[in-house]
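Chains, contacts and geometry: an overview
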Amino acid sequence: MQPAHQKREFSIPDHDVVVAGAGFAGLYLLHRLRELGFSTRVLETADDVGGTWYWNRYPGARCDIQTIDYCYSFDPELETEWQWSERYATQPEILRYLQFVADKHDLRRDIEFSTRIEAAVWNDGTSLWTLRTDRGQKITCRYYVMATGCLSMPKTPDIAGHDRFLGEAYFTSHWPHQGVDFSGKRVAVIGTGSSGVQSIPLIAEQAAELTVFQRTPCYCIPAHNGPVPAHRMTELENDRAAYREAARQSLFGVPLAPMEVGALQVSAEEREAHYEDIWKAGELLGIAGAYADIITNATSNETLCEFVRDKIREIVNDPEVAETLCPKDFYIATKRPCLDTNYYETYNLPHVRLVDLRKHPIETITETGIDTTNASYTFDAIVFATGFDAMTGALVGVDITGSNGLTLREKWSNGPETYLGLMTTGFPNLFTITGPGSPSVLSNMTVSIEQHVEWVSNCLDDLRKNNFEFIEPTRTAEAGWVQHVNDYGAITLLPQTNSWYTGANVPGKPRVFLPYIGGVGPYRGICDEVVERGYFGFVLEGPGKQSCNDGVIRTVQPDVAMVLDMIEALQWPRFETLSVADARAFAIETLTGRPPGPDVGECNDGTLPGAAGELKYRLYRPVSPGPHPIVVYFHGGGWLLGSYDTDDPFCRDLCVQSEAIIVSVDYRHAPEARFPAAPEDAFTAVQWVAKNAASLGGVPGQLAVSGWSAGANLAAVVCQMARDADGPAICGQLLVTPVTDCDFTRESYTNNGEGYFLTKALMEWFWDHYADTTDRENPQASPLRADKLSGLPPALVVTCEFDPLRDEGIAYFEALQAAGVKADHLPCRGHIHTSLTLVDIVLSSADARGAMGRALGGFFSDQTAV
Ligand code: N01
């Protein structure tokens, strides 16, 4: 928690709130804040309302979310007073709509047009923002809200000679109000993002010649503009309130049911038919939501990429042009796809040509045209559709100085840091509408804007009601949120693509995945939870008072949270409430339909002699030619559940990652065979594998052990038994979230004993079935209790932050180290006991699995067999 400001004064400002921008966000904010009785002033650079729809007047400018969704929902009257003429309305119609809203609610009287905020300075002495405008005004306010839009700061042209051209030069982002007539002209368009794709067909209709300069092709699907589809209109009109609420709770801000299956879980024919439907439907969100895994699984994604490429090849007559228009180096929906009208068809026109800047980059713009590395082109007009300094450009474009004298530009020099995309530490009482770290551009903007406007205005109302006049996020909360935003991005393919989502389109901009991809409904839930928990993660101050409920709002990895949510939704019974037989049956049932894990070279089942009868095993062999080192693996399941094949995807993954043979062996289970049956079997199995290494395709002497949970307990115990029995030689132990002790009092049991799938009660149940209390302290049950830990093979101990077993895993690692054993610890932040074995489900554990594979490889290459 930050220290309270000792003598915070709260001077009287000119206005309670100043809002920058009179687009969708600024207009609604003004309306809302006025309703709540805050004196509010909106400052707007343009000479009228509209924001992005004021500036982007290029031919073909339209929304790419259906207009019945891309509109306000706060005013029930407005819903019926305004009728959209088209499914995707044009810029003039959307601008008229915003003007209509401004008139209806008499908003203009509190908007100062043609006024740009140049600087804003926080004064700690008065607890006010002082804003300086380009008209020389100095305005003070208690709260300053940036409603400046995510795509409002055009990218500075980064093409040599861009100011040399003596003909007509236009920017799609600042199009002349009177329009442009290209008739009879030779025109160049640079850029093939949404703005280029929308304007190119219409410019081609007028121009004598059109040359498109393309650096990166985009994926487009046809908009099929026209009337709003009847079924959507009916849905809306049947129950407007329910429709709007569904949008608010949805992933992208449009009430579309999410797909639950992955692209590879259906046949190629079914997939193709589904993609045809998406192509015919003409809906942008249909692409990102085509299948549940389209933005997380590269192979799934590629099926849709290839479908769109085939469409391009069908439409465009010249195969070479078609191939140039096919995106090949990024996954679909990892940057915003485009909705088009006749875009690809335009390249069949005789007066339209495409220049591939990947082959021949622009060298310079000249007085008369454009020179690439292999040709000189002459033009009457050049259109720059080169995009925006997105999400942060407009925010750091104002010279904003916070409480510690740091500017926002300086604070964000390595990328934006926000709490919820709403506020940033060091800049009290400054709010950003749809700021970086919120769903914003990954959603229907109007839904996200309304949610932020309502959150901010309700927040100001709450502050006032409680006699607070100061709000600022804590560093802990902000750092935690930034981590969560990054964690979410990392389980998708999006951060891998060069796009304006990552800042990669602007030279020198730090590469950070800017928006929050957790979905608008879940995000709304988080923002509401923050309020319900007393503005969790914020410092609130008022005359003579301060409050702070500090912490991180989301700590569990996002995909782990989804697994936990799914378990809760399916109302899985708690294992410890079942009979052992039912628990075993249910454990098997939970494996149905799980992803199979990666392919291995070979997978064979066999039997080997255990301590008291035969044991089954499954052997996984790498694809590469052998012989290979061998890892004997013991499955998890609390010594009661599971078998040699239940950790199948995990064993496959270990095999692929380590390039070693994995032999997953069974062992007798409790309660039928209680302690010490399991370690006896485990040790016998290791002895047998060591002896038969060559015939199994292994390298004799290159033997490691591994296991997960109770299996990791056995792996650890076997290492001690092998040391004490003078063999077999084991060159490494990979212990994944091991049980190492029978003590339930460690902090991780207290903190993580409930709510993270493996519970304290379940561990007690396992121990009760496995071992008598007198046996539990035996090192062959609790390896941490061994008198001697020296002389053991090198170890990697993997622990998960939200695992009751975390601290005993750490204790074992520390004890090994203290005993001189070469031991490493891999702590997995935000993970639970089961995270690592859920291959292709918990994608965020993939790096840890890679590290485990490398560690196994390291055991063998070190050849320090003990
Ligand atoms: O900008 P963009 P946009 N030399 O960044 C190229 C929203 N929007 O204005 O990818 C040569 O997507 C650049 O090439 P590359 C929507 O969210 C919505 O079109 O950097 N080329 C790219 O092809 C959209 O995503 C609508 O290799 C250069 C293009 O210029 C976002 O705004 C309509 C270059 C820029 O594409 C931005 O779209 C319009 C250079 N130096 C916009 N620099 C709707 O439909 C850049 N390019 C609602």
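Residues numbered from 1 in each chain as written. Predicted model: local features only at pLDDT ≥ 70, side-chain atom pairs only at ≥ 80, totals over all residues. Heavy atoms only, no water.

Brief notes about the site of the ligand
- Taken together, 25 residues lie around the ligand, and Lys155, Asp158, Ser195, Arg215 and Thr216 are the ones closest in.
- Within the side chain of Ser195, a nitrogen or oxygen atom sits 2.7 Å from an oxygen atom of the ligand.
- Thr216 places a side-chain nitrogen or oxygen 2.4 Å from an oxygen atom of the ligand.
- Protein contact buries 88% of the 900 Å² of open area that the ligand shows by itself.
- Sort the elements by how many residues they give to the shell around the ligand and helix H5 (residues 194-206) lands first, with three residues.
- Here the residues of the shell around the ligand sort into nine nonpolar, nine polar and seven charged. (Near = heavy atom within 4 Å. Polar contact = N/O pair within 3.5 Å; in protein donor to acceptor, adjacent residues only side chain to side chain. Areas by Shrake-Rupley, 256 points an atom, 1.4 Å probe, with all protein chains shown as cover. Helix = DSSP H or I, 4+ residues; strand = E, 2+ residues; numbered from the N terminus. Nonpolar A, V, L, I, M, F, W, Y, C, P; charged D, E, K, R; others polar.)

Quick word on the sheet that holds strand E12 (residues 352-356)
- The strand order across the open sheet built from five strands is E7-E16-E8-E9-E12, with neighbouring strands paired in parallel fashion. Each edge of the open sheet is held by one strand with a lone partner, namely strand E7 (168-171) and E12. Within the sheet, the average angular offset between the axes of one strand and its neighbour, ignoring direction, is 20 degrees.
- Examined bridge by bridge, strand E8 (residues 186-190) and strand E16 (residues 381-384) share four bridges and lie parallel to one another. Looking at the pairing, Val189 lines up with Val383 of E16.
- The strands touched by H5 within the sheet are E8, strand E9 (209-214), E12 and E16, with E9 carrying the most contacts at an inclination of about 160 degrees. (Pairing = 2+ DSSP bridges. Axes fitted to C-alpha atoms, helices over the stretch in contact; angles between N-to-C directions. Contact = heavy atoms within 4.5 Å.)

Considering the pattern of salt bridges
- Counted according to the given criterion, the structure contains 59 salt bridges.
- For Glu541, the salt bridge goes to Arg8, with nearest N and O atoms at 2.7 Å. With Glu541 in strand E20 (residues 538-542) and Arg8 in the segment before strand E1 (15-20), this residue pair connects regions lying 533 residues apart in the sequence.
- In this structure Glu541 comes out as buried when scored by relative accessible area, which is 4%.
- By relative accessible area, Arg8 is classed as buried at 14%.
- A salt bridge links Asp110 to Arg34, with the shortest nitrogen-to-oxygen separation between them at 2.8 Å. Of this pair, Asp110 sits in the loop between helix H4 (91-104) and strand E3 (111-112) while Arg34 sits in helix H1 (residues 24-35); the two residues are 76 residues apart in sequence, bridging distant segments of the chain.
- Since its relative accessible area comes to 21%, Arg34 is described here as partly exposed.
- In the salt-bridge network here, residues are joined through shared partners; they are Arg34, Arg41, Asp106, Arg109, Asp110, Glu112 and Arg135. (Salt bridge = Lys/Arg side-chain N within 4 Å of Asp/Glu carboxyl O. Buried < 20%, exposed > 50% of the residue type's maximum accessible area, 1.4 Å probe, protein only.)

With respect to the side chain of Ser664
- Within the fold, Ser664 resides in strand E25 (residues 661-665).
- Judged by its relative accessible area of 0%, Ser664 falls in the buried class.
- From its side chain, Ser664 meets the backbone oxygen of Tyr644 in a polar contact 2.6 Å long.
- Beyond its immediate sequence surroundings of up to four residues, Ser664 is in contact with Lys616, Tyr617, Arg618, Tyr620, Tyr633, Tyr644 and Cys651.

A short note on the sheet that holds strand E13 (residues 362-365)
- Read across the open sheet, the three strands follow the order E13-E14-E15; overall the sheet is antiparallel. Edge positions in the sheet fall to E13 and strand E15 (376-378), since each of these pairs with one other strand and no more. On average, each strand axis in the sheet is tilted by 20 degrees relative to the strand beside it, whichever way the strands run.
- As defined by bridge partners, E13 adjoins strand E14 (residues 369-372) across three bridges and the pair is classed as antiparallel. In the sheet register, Ile362 faces E14, and the bridge partner there is Thr372.

Let's talk about the packing of aromatic side chains
- For the structure on display, the rule yields 54 aromatic pairs.
- Look at Tyr516 and Tyr523: their rings are 5.8 Å apart centre to centre, the planes differ by 50 degrees, and that puts the pair in the tilted class.
- Each member of the aromatic cluster is reached from another via a ring pair, and the members are Phe24, Tyr28, Trp53, Tyr70, Tyr72, Phe74, Trp82, Trp84, Tyr97 and Phe100.
- Note that Arg464 overlies the ring of Phe38, its terminal NZ or CZ placed 3.9 Å from the centroid. (Phe/Tyr/Trp six-rings, centres within 6.5 Å; stacked < 30°, edge-to-face > 60°. Lys NZ or Arg CZ within 6 Å of the ring centre and 35° of its normal.)

Here we look at the packing of helix H6 (residues 230-238) against helix H7 (residues 240-249)
- As a packed pair, H6 and H7 sit with axes 5 Å apart at the nearest point and diverge in direction by 110 degrees. Judged on the interaxial angle alone, H7 and H6 are roughly perpendicular. Where H6 abuts H7, its residues Arg232, Glu235, Leu236, Glu237 and Asn238 lie against Arg240, Tyr243 and Arg244.
- Of the residues that constitute the contact of H6 with H7, the class distribution is two nonpolar, one polar and five charged. (Parallel < 35°, antiparallel > 145°, perpendicular 65-115°, else oblique.)

Quick look at the environment of Thr750
- With respect to the helices, strands and loops of the structure, Thr750 is situated in helix H23 (residues 747-752).
- For Thr750, a relative accessible area of 61% puts it in the exposed group.
- Placed ten residues apart in sequence, Thr750 and Lys760 show a C-alpha to C-alpha distance of 8.3 Å.

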